Structures are given as C-alpha cells and as structure tokens.
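Here is what each chain is made of, one letter per residue.
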Amino acid sequence: MPESTDTHSLTSPLALAAPTPLIEHPAAVYLASLGVGSRPAMRHALNTIARLLTNDSCDAMTLNWAALRYKHTAAVRAVLIENNSPAYANKMLCALRRVLKEALRLELMNAQDFARAVDIPNIKVTKQLRGRALSATEIAALIQVCFDDPTPTGYRDAALITILRGAGLRRSEVVNLDLSDFDENTSALTVRGGKGGKDRTVYLPDSGLEVLSDWFSIRGVTDGPLLCHVNKGGRVVLRRLTSQAVLFILEKRGQQVGVTDFSAHDFRRTFISELLDSGVDISTVQKLAGHVSPELTARYDRRDEQTKKRAVQKLIIPGSRRKPRQELELNF
C-alpha cells in the first residue's frame, strides 16, 4: 500500500469475525458465477487484493468484502497501477467491483456505500496492440521439433500446438478438453465452460487430424483429459495438464528452435488474423473465437500493412484510366 496508508490498522476491521456460508459469501458467489477456466485467475486476483488490504493476513475467503469503502478501493487501485500492466490492473478492478456487487445483492452492503466504493475509474490502457502473429516458418519449426522427438512427449506437444494453431483456443480451454470432446468423424472440438461459462464448437483443419490421431495411438482411448502428463519414464499418465504447464512446454520447444518472444495466446491471435485475411466474415470468426462481440475479435487482428495494401487492390475504380502521354503534352 502507499506509505500514507496504514495497512496494519485495516487488518482487524476487514477480517471476517467468523466463517460465512458460501451461499452468503460475496467472493464465493462471484467465483461460482464464472466459467471453470476463469475461476483460478479471478480467485488469484481477489486473493491479491485481500492481502494488499490486510498486510497478508486475509485472502479472498477471509476478507469481509462488505466492509470495504471508497478509501480501500481507491488505495487498491493506486497499488495496482504501480505493480501491474493497465490491462491486468483493470481486470482485477473488475473482479473487485463484481464482488462488491454481490455484497450489495446479498444485502451485506447498502446502496450508498456500494456506489461510493465502486466509483473508481479504470486505468487508461495504451493503444499499442499486445502480442503478435506467428509466422508460418515459426509455427512449422515449433511443430517440426515435436515431430523430431520420438517420445510420447513429442507426440503430445505436437497435438497441443496443432490445437492452439488450428482451433485458436485459450490455454484454459485446451487443458480442459476431454477425449470425448473430440469427434473424429466431423473434426469438431466441443469447448466446455469457455470464457463467460459458455460452450461452443470449433473445428480442426484436416491437416491437423493426423497429428491428433498419432497422439491418440500413444495416449490410448481411455476416457479422461485429451492432453495429459507424460512421466519421466515416458509413460502417459491420465492427469490433466495445467495452464502453467502449457507455458513451460511452449517455452521449451521455442528455445529448441530459436522461436522466442511469443505466448500461447499468440497462436490465438494468429488464428484470428489468418481467418480474417482469408476472407472469413468477422461474425463467423467471432463465434469460433468465443468472443462476445465482433469488436473484441477485431482487436485480435495482427495483420500487417501489406495485408491492407493487398486488400485495396481488389477494388476497381471506374473511369480512372490514365491519358496517353502525347495527349497530355498537347494540352500544354
């Protein structure tokens, strides 16, 4: 907290005097309203806020959220500005407001205190786009290094990159896939509990089906997570990967082939950009990406200036023929 704020003095009045039933706990009610994939990140955000306010003595479930007032939320905002990117800080502030709204709904907080506590502005986000699109050469190198690894890990990592590249899923969505979510007859993947708790169906391109088939021949057809752990002995263990494990896998494969400065989400940006570049209408791309609006889909577009230049070449301007040089000279 800022030096002017005495966090030690806040600890006692902000801690719950006794455990609260989950159905009456604003943080628990808020987290329960989220999709399975979103809960860990938002729980972490709420834990961080609770610790900031109580000098590490409370977490999301032991803080008395209904006791928060404007002085607390304003102080949290000030700290988040210093320690986080604007986008992530705003995400945490959104979680804070949502929990306070649940406190209001549960009649733990009056309307006036709620209105004042949530009256904190979002942090201005830079207009510069985050992330990048991966080139075809980079993606080919990442896939090839997996193909060159004859162990079960190589087969699994190739399947992981194929899904990220071919279906544009979020990390949390990839690791939550079960074997039963893939229909080999239609190449459909059912994404359950995506962002906002919504399910959707996406499809893998035909070029990726053989990669998944190879992984299934190693993994087996037992029910369970589609992508799972491989132990040090090379044996497949039907235990679900974590989102963090996906980061480690991509970092390792990237280092092996010299592809750096990329994230799992950059596969998603590439997926969206290439679909738009190929002429797919933005409404369809929005549905495949699982976005709530076309505007959000457009923000993922990482196509460069050459793409825009190629696009306008398709336009025809009638009557724009140039006059022959001789005719021009006669006019002078």
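Residues numbered from 1 in each chain as written. Predicted model: local features only at pLDDT ≥ 70, side-chain atom pairs only at ≥ 80, totals over all residues. Heavy atoms only, no water.

(A) Examining the overall build of the chain more closely. The number of helices and strands found in the chain is 16 helices and 5 strands. Scored against the burial criterion, the 332 residues of the chain give a buried share of 41%. Partitioning the contacts of the chain with sequence separation of at least 6, the portion at a separation of at least 24 is 64%. Summed over all atoms, the accessible surface of the chain reaches about 19100 Å², with 52% contributed by carbon and sulfur. (Helix = DSSP H or I, 4+ residues; strand = E, 2+ residues; numbered from the N terminus. Buried < 20%, exposed > 50% of the residue type's maximum accessible area, 1.4 Å probe, protein only. Contact = heavy atoms within 4.5 Å. Areas by Shrake-Rupley, 256 points an atom, 1.4 Å probe, with all protein chains shown as cover.)

(B) Representation of the pattern of salt bridges. Across all of its chains, the model carries 12 salt bridges by this definition. For Arg132, the salt bridge goes to Glu138, with nearest N and O atoms at 3.0 Å. Asp266 serves as the salt-bridge partner of Arg269, at 2.7 Å between the closest nitrogen and oxygen. Placement of the pair is Arg269 and Asp266 together in helix H12 (residues 264-277), with a separation of 3 residues, close to one helical turn. Through salt bridges with shared partners, a single ionic network connects Asp149, Arg156, Asp157 and Arg253. (Salt bridge = Lys/Arg side-chain N within 4 Å of Asp/Glu carboxyl O.)

(C) Seen up close, helix H8 (residues 152-167). Across its 16 residues, H8 extends 22 Å between first and last C-alpha, which sits within 8% of the 22 Å expected from 1.5 Å per residue. Counting buried positions along H8 yields 14 of 16 residues, so the element is predominantly enclosed. Following H8 by one or two positions, Gly168 adopts a phi angle in the positive range, close to 65°. (Expected span 1.5 Å × (residues − 1).)

(D) Spotlight on the packing of helix H7 (residues 136-147) against H8. Where H7 meets H8, the axes come as close as 7 Å, and the angle between the chain directions of the two elements is 155°. When the axis of H7 is compared with that of H8, the two are roughly antiparallel. Counted together, Ile139, Leu142, Ile143, Cys146 and Phe147 of H7 and Gly154, Asp157, Ala158, Ile161, Thr162 and Arg165 of H8 form the full contact between these two elements. (Axes fitted to C-alpha atoms, helices over the stretch in contact; angles between N-to-C directions. Parallel < 35°, antiparallel > 145°, perpendicular 65-115°, else oblique.)

(E) How the structure looks around the environment of Lys287. Checked against the element boundaries, Lys287 lands in helix H13 (residues 282-289). Taking the relative accessible area as the measure of exposure, Lys287 reaches 61% and is therefore exposed. Counting along the chain gives 86 residues from Lys287 to Thr201, while the straight-line C-alpha distance between them is 8.7 Å.

(F) Geometry of the packing of aromatic side chains. If you walk through the whole model with that rule in mind, you get 2 aromatic pairs. When the centroid spacing of 5.7 Å and the interplanar angle of 50° are considered together, the rings of Phe182 and Phe216 count as tilted. With Phe182 in strand E1 (residues 182-183) and Phe216 in helix H10 (residues 206-219), this pair connects stretches of sequence that are 34 residues apart. For the pair shown, Phe182 and Phe216 are each scored as buried. When the ring of Phe262 is compared with that of Phe267, the centres are 6.2 Å apart and the planes differ by 85°; the resulting orientation is edge-to-face. The pair Phe262 / Phe267 is uniform in exposure class, with both members buried. (Phe/Tyr/Trp six-rings, centres within 6.5 Å; stacked < 30°, edge-to-face > 60°.)

(G) Structural view of the environment of Val29. You can see Val29 is positioned in helix H2 (residues 26-32). Distance in space between the C-alpha atoms of Val29 and Glu102 is 7.0 Å, their sequence separation being 73 residues. Those residues in contact with Val29 that sit more than four places away from it in its chain are Leu22, Ile23, Glu102 and Leu106.

(H) Layout of the confidence of the model for the chain. Chain-level statistics for the chain give a pLDDT mean of 86 and a share of 86% at 70 or above. Contacts for the low-pLDDT stretch residues 1-11, under 50 throughout, to residues beyond four places or in other chains number 19 contacts. (pLDDT = per-residue confidence, 0-100.)

(I) Structural detail: the sheet that holds E1. With respect to topology, 3 strands assemble into an open sheet ordered E1-E2-E3, the strand pairing being antiparallel. Strand pairing shows two members of the sheet lacking a second neighbour, E1 and strand E3 (200-203), which therefore form its edges. Here 2 bridges tie E1 to strand E2 (residues 188-191), and the two strands are oriented antiparallel to one another. Each bridged residue has a counterpart across the sheet, and for Phe182 the counterpart in E2 is Leu189. (Pairing = 2+ DSSP bridges.)

(J) Seen up close, H13. Buried residues of H13: Val285, Gln286, Leu288 and Ala289, and no others. Across the axial projection of H13, the buried residues extend over an arc of 165°, all falling on one side. The elements touched by buried residues of H13 are E3, H12 and helix H14 (294-299). Looking one or two residues past H13, Gly290 carries a phi angle of roughly 75°, positive in sign. (Arc of directions from axis to C-beta.)

(K) The arrangement of the pairing of E3 in detail. Here E3 shows one buried face, formed by Arg200 and Val202, and one open face, formed by Thr201 and Tyr203. Pairing analysis gives 4 bridges linking E2 to E3, with the strands arranged antiparallel. Directly across from Ala188, in E3, lies its bridge partner Tyr203.

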